[in-house]
Amino acid sequence: MCCCCCPPAISALFCLWCRSGCRKSTVASTLTFFPPEPALYKFERITKDGRVLDEEEDAQQPKQEDKGYRKLRKEGAVPVETASSDRATEGEGSIEIEDSPIMLAEAETRGQTQQQMKSPMEELSEQALERRKRAKLRKIRDDKDVEAGVTYRLALDQRLILPPYEESCIRAVKVPGPNGALIATLIYQVPADQCTPETKTIIYSHGNATDIGAMFPIQVIMAHSLSAHVVVYDYSGYGESGGVPDERNTYHDIEAVYKFVLRDTANSVAKNVVLYGQSVGSGPCCYLAAKDDQIGGMILHSPFTSGMRVLTPNRALACLDIYPNIDRIKHVNCPVMVIHGCLDQEVDISHGKEMHEAVPREFQRDPWWVPDRGHNDITEGRGKLAEYIQRIRNFVRGLDSS
């Protein structure tokens with residue numbers, strides 16, 4: 001592959017891959033993760049005496065510039081004028097930078113104006129540095145909040161259209177992850193007087209371009225319609241979660257949330273836990289289900305067989321592949337339901353059908369191939385939403401007789 005004859009974006013990805021020590025996570029993160037900017041919710045921070053901390057405190061910079069960031073700038077990884085850039089990166093992916101800094105490509109011409117567009121290499125490198133800087137600042141704040149005993153309260157974006165819900169059923173928490181980052185988690189809990197020993201907890205792993213706030217309406221509908229606790233969390237680098245978006249981090253995220261759920265809502269009964277993975281969320285779900293044979297069930301909503309197979313069935317780029325769902329689904333030990341829209345233009349329905357066929361025969365449950373829906377609109381409209389809930393309810397009720 002030659003950077004001089006390839007499209008700029010492909011050249012940039014190839015250069016990033018080489019300069020990051022051939023880490024597939026660098027390219028994978030760029031292509032896979034698109035956190036909403038700004039997030040569609042906030043976690044208000046509440047002190048022990050009930051005071052809401054000023055949101056401006058979030059934006060305060062440390063008195064001394066981060067050493068790692070300063071080192072990258074000194075080595076030329078980011079030009080001085082962009083080191084403090086606050087430019088939004090809406091719709092862009094993120095890259096994890098570990099030990100090896102990513103160096104910007106030299107400008108092809110001199111005398112460029114400041115208004116001229118940056119090269120793909122510059123854009124991706126700048127995004128990487130901003131994500132890393134954000135993660136470090138969030139870690140500092142979260143550590144102080146933990147030490148001070150801060151608690152959290154959900155504040156939703158006012159643009160969201162919400163169904164009726166009970167404030168008393170909502171809990172906003174930050175779950176400690178194994179890498180030191182805190183994972184923003186929202187629990188919509190069934191009232192204690194309505195719970196039974198068989199009450200299920202659904203752990204919802206959302207798609208790549210959404211967050212806790214955007215998922216809140218369907219979380220409420222599921223909780224009320226299924227009489228189940230519904231737990232939604234944000235991946236590392238999304239919303240109020242710390243860290244940076246990365247395949248490996250999503251595995252850490254779901255493992256930490258799963259352990260929390262076992263202690264907090266599932267009464268240590270793994271069979272009462274149901275995993276729900278939508279689109280990219282199918283990756284961490286298949287990972288956990290293949291690893292833990294005690295989980296009660298799993299629903300895969302618009303899943304893919306693997307990350308790179310969405311782009312091309314050619315296995316020449318297998319070295320860059322992520323989320324090998326098609327391999328992991330063969331090792332699950334729980335009932336699995338697959339939902340996929342027949343008109344899906346982002347992840348072709350063939351992925352969903354291959355995933356269904358790969359589930360061990362005794363764990364296959366009736367799939368739902370939705371004839372007139374695509375990737376993100378399966379629950380749109382009252383009729384479709386009602387059918388969606390009924391099918392999910394049938395699956396969940398059938399778990400107790402499995």
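Each chain has its residues counted from 1, running along the sequence as written. Where local features are concerned, this predicted model is filtered to residues with pLDDT of at least 70; where side-chain atom pairs are given and counted, the filter is 80 or more; whole-chain, interface and lining totals use all residues. Here the side-chain values reflect all heavy atoms present in the structure, with hydrogen atoms and water set aside.

> Describe the nonpolar core, listing the residues and the values that go with them.
The nonpolar side chains of a soluble globular protein tend to be buried, and buried together. Ranked by size, the top nonpolar core spans 45 residues in total, and within it Leu275, Met298 and Ile329 carry the most contacts. For this analysis, a nonpolar core means a set of buried residues of the types Ala, Val, Leu, Ile, Met, Phe, Trp, Tyr and Cys, connected via side-chain atoms within 4.5 Å. Under the scheme applied here, a residue whose accessible area is under 20% of the maximum for its type counts as buried, over 50% as exposed, and between as partly exposed, the area being computed with a 1.4 Å probe on protein chains only. Counting residues in hydrophobic clusters, the runner-up holds 39 residues, among them Ile202, Ile218, Ala223 and Val230.

> Please provide a residue-by-residue account of the environment of Val257, values included.
Relative to the assigned elements, Val257 resides in helix H7 (residues 247–264). Taking the C-alpha atoms as reference, Val257 lies 8.1 Å from Ile203; in sequence the two are 54 residues apart. In what follows, a contact means two residues having at least one pair of non-hydrogen atoms within 4.5 Å. When residues no more than four places from it in sequence are discounted, the contact partners of Val257 are Val175, Ile183, Thr185, Ile203, Val231 and Tyr233. Labels follow the DSSP assignment, with helices taken as runs of H or I lasting at least four residues and strands as runs of E lasting at least two, numbered in each case from the N terminus.

> Account for the confidence of the model for the chain, naming residues and giving values.
On average, residues of the chain score 82 in pLDDT, and 74% of them reach the 70 mark or higher. The predictor rates its confidence in each residue with pLDDT, a number between 0 and 100. In this model residues 58–66 is a low-confidence stretch, pLDDT under 50, and it forms eight contacts with partners more than four residues away in sequence or in other chains.

> How would you sum up the environment of Arg153? Please name residues and give values.
Along the chain, the position of Arg153 falls in strand S2 (residues 151–156). A relative accessible area of 43% places Arg153 in the partly exposed class. For the pair Arg153 and Arg45, spaced 108 residues apart in sequence, the C-alpha to C-alpha distance is 6.7 Å. When neighbours within four sequence positions are excluded, Arg153 is seen to be in contact with Lys42, Phe43, Glu44, Ile46, Val52 and Ala172.

> Tell me what's going on with the packing of helix H6 (residues 212–226) against helix H12 (residues 382–399), and back it up with residues and numbers.
Simply put, an axis is a line fit to the C-alpha atoms, just over the touching stretch for a helix, and the angle between two N-to-C directions goes from 0 to 180 degrees. Running from amino to carboxyl end, H6 crosses H12 at an angle of 55 degrees, the nearest separation of the two axes being 10 Å. Comparing the axis directions of H6 and H12 gives the class oblique. Helix-helix and strand crossings are classified by hand; for H6 and H12 the assignment is right-handed. Together, Ile218, Ile221, Met222, Ser225 and Leu226 of H6 and Leu385, Tyr388, Ile389, Ile392 and Arg393 of H12 make up the contact between the two elements. The nonpolar class holds Ala, Val, Leu, Ile, Met, Phe, Trp, Tyr, Cys and Pro. Asp, Glu, Lys and Arg form the charged class, and all remaining residues, Gly among them, are polar. Its residues placed into classes, the contact of H6 with H12 shows eight nonpolar, one polar and one charged. An angle below 35 degrees is treated as roughly parallel, one above 145 as roughly antiparallel, one from 65 to 115 as roughly perpendicular, and anything else as oblique. In this scheme the crossing of two helices becomes right-handed for a clockwise turn of the near helix relative to the far one and left-handed for an anticlockwise turn of less than a right angle.

> Account for H6, naming residues and giving values.
One fewer than the residue count of a helix, multiplied by 1.5 Å, yields its expected span. For H6, which comprises 15 residues, the first-to-last C-alpha distance of 19 Å matches the rise-based estimate of 21 Å (1.5 Å per residue) to within 8%. Working definition for bend: take the seven residues up to and ending at a residue and the seven starting at it, fit an axis to each, and measure the angle between the axes. The largest bend along H6 measures about 35 degrees and falls at Ile218. Along H6, 11 of the 15 residues are buried, which leaves the element largely enclosed by surrounding structure. Of all the residues in H6, the buried ones are Ile212, Gly213, Met215, Phe216, Pro217, Ile218, Gln219, Val220, Met222, Ala223 and Leu226. Any N or O atom pair separated by 3.5 Å or less is treated as a polar contact, with the protein-specific requirement of one donor-capable and one acceptor-capable atom, and with residues adjacent in sequence counted only for side-chain atom pairs. Taking the backbone nitrogen of Gly213 as reference, a side-chain oxygen 3.0 Å away marks Asp211 as the first, capping residue of H6. Just downstream of H6, Ser227 is the residue with a positive phi angle, here 50 degrees.

> Requested: an account of the packing of H7 against helix H8 (residues 282–291), with residues and values cited.
Between two packed helices, what matters for the description is the angle formed by their axes and the separation of those axes. Running from N to C, H7 and H8 cross one another at 60 degrees; their axes reach a closest spacing of 9 Å. Here H8 runs oblique to H7, going by the angle between their axes. Between H7 and H8 the crossing geometry is right-handed. Residues Thr250, Tyr251, Ile254, Glu255 and Tyr258 of H7 lie in contact with H8, whose contacting residues are Gly283, Pro284, Cys285, Tyr287, Leu288 and Lys291.

> Which residues make up the side chain of Lys200, and what values go with them?
Of note, Lys200 is situated in the loop between strand S4 (182–188) and strand S5 (201–205). From its side chain, Lys200 meets the backbone oxygen of Glu198 in a polar contact 2.9 Å long. Separated by 2.6 Å, the side chains of Lys200 and Asp400 make a polar contact. Residues contacting Lys200, with those up to four places away along its chain left out, are Ala228, His229, Lys271, Asn272, Val274, Val396, Leu399 and Asp400.

> Give a description of the packing of aromatic side chains that names residues and reports values.
Here is the rule: rings of Phe, Tyr and Trp (six-membered ring for Trp) pair when centre to centre is within 6.5 Å. Planes less than 30 degrees apart are stacked, more than 60 are edge-to-face, and the remainder are tilted. Applying the stated criterion across every chain yields a total of 10 aromatic pairs. On the basis of an interplanar angle of 45 degrees and a centroid distance of 6.2 Å, the ring pair of Phe304 and Tyr323 is categorised as tilted. Of this pair, Phe304 sits in the loop between strand S8 (297–301) and helix H9 (307–311) while Tyr323 sits in the loop between H9 and helix H10 (325–328), placing them 19 residues apart in sequence. With respect to burial, Phe304 and Tyr323 carry one shared label: buried. Members of the aromatic cluster, each reached through a chain of ring pairs, are Tyr251, Tyr287, Phe304 and Tyr323. Sitting over the ring of Trp369, Lys353 keeps its end group 5.9 Å from the ring centre. Cation placement over rings: the criterion is NZ of Lys or CZ of Arg within 6 Å of the ring centroid and within 35° of the ring normal.

> I'd like to hear about the pairing of strand S9 (residues 336–341), residue by residue, with values.
Along any regular strand the residues' side chains alternate between the sheet's two faces. When you tally the buried positions in S9, you get six out of six residues, the bulk of the element. Burial of S9 is two-sided: the residues Val336, Val338 and His340 facing one way and the residues Met337, Ile339 and Gly341 facing the other way are all buried. Strands qualify as paired when DSSP identifies two bridges or more between them. Here four bridges tie S8 to S9, and the two strands are oriented parallel to one another. Across the sheet, the residue bridging to His301 is Ile339, located in S9.

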